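Summary of the model geometry
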Amino acid sequence: MAKSKEKSAEIEEKRGKEPEKKKQDKNKKPNVFVRMGRKLKETFSELKRVSWPTFGKALKATGVVLAIVLAFTIIVAGVNYGLSELLKLMAK
């Protein structure tokens, strides 16, 4: 019986079909460590392709972000102060 399975596998290979065992191996996922290793390798590969900004550009962008945050902080604090004063007037 084992010989007939081997012969059928050989016949399937000759016909261009893959035996059942090989099909199952392709559908099986590699273990978690192999997948994490591949993902880490792909990540480093992508990071090499990134065009990183120069220090000056990064510093300018940081300054712009800080200025916008400061402006919005002042605006929100002003609106908060105005509404709190309005509440005090209404509470009298």
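Quick caveat: nothing in here was measured; it's all calculated off a predicted structure.

Thresholds, definitions, all that
Residues numbered from 1 in each chain as written. Predicted model: local features only at pLDDT ≥ 70, side-chain atom pairs only at ≥ 80, totals over all residues. Heavy atoms only, no water. Helix = DSSP H or I, 4+ residues; strand = E, 2+ residues; numbered from the N terminus. Buried < 20%, exposed > 50% of the residue type's maximum accessible area, 1.4 Å probe, protein only. Areas by Shrake-Rupley, 256 points an atom, 1.4 Å probe, with all protein chains shown as cover. pLDDT = per-residue confidence, 0-100. Salt bridge = Lys/Arg side-chain N within 4 Å of Asp/Glu carboxyl O. Patch = residues over 30% accessible without salt bridge, like charges linked within 9 Å, V, L, I, M, F, W, Y side chains within 5 Å.

Bringing the overall build of the protein chain into the picture now. For the protein chain, the count of helices and strands is four helices and zero strands. In sequence order, the secondary structure elements of the protein chain are arranged as α-α-α-α. Across the 92 residues of the protein chain, 1% fall into the buried class. Per element, the accessible surface of the protein chain, about 9,200 Å² overall, is 66% carbon and sulfur.

The predicted coordinates ought not to be read in detail in places where the model reports low pLDDT. Per-residue pLDDT for the protein chain has a mean of 84; in total, 72% of the residues score no lower than 70. When mean pLDDT is compared element by element in the protein chain, helix H4 (residues 55-91) scores highest at 97, while helix H2 (residues 20-27) scores lowest at 61.

As a further point, take the pattern of salt bridges. Under the counting rule described, the total for this entry stands at two salt bridges. Between Glu46 and Arg49 there is a salt bridge; the shortest N-O distance is 3.0 Å. With a gap of three residues between them, Glu46 and Arg49 both fall in helix H3 (residues 32-49), about one helical turn apart. On the basis of relative accessible area, Arg49 is assigned to the exposed category, the value being 63%. Residues Glu85 and Lys88 are paired through a salt bridge, measuring 3.5 Å at the closest nitrogen-oxygen approach. Residue Glu85 and its partner Lys88 are located together in helix H4, separated by three residues, close to a single helical turn.

Residues Val64, Ile68, Phe72, Ile75, Val79, Leu83, Leu86, Leu89 and Met90 make up a contiguous nonpolar surface patch of roughly 940 Å² in combined accessible area. Looking at the secondary structure, you find Val64 in helix H4. Judged by its relative accessible area of 48%, Val64 is partly exposed.

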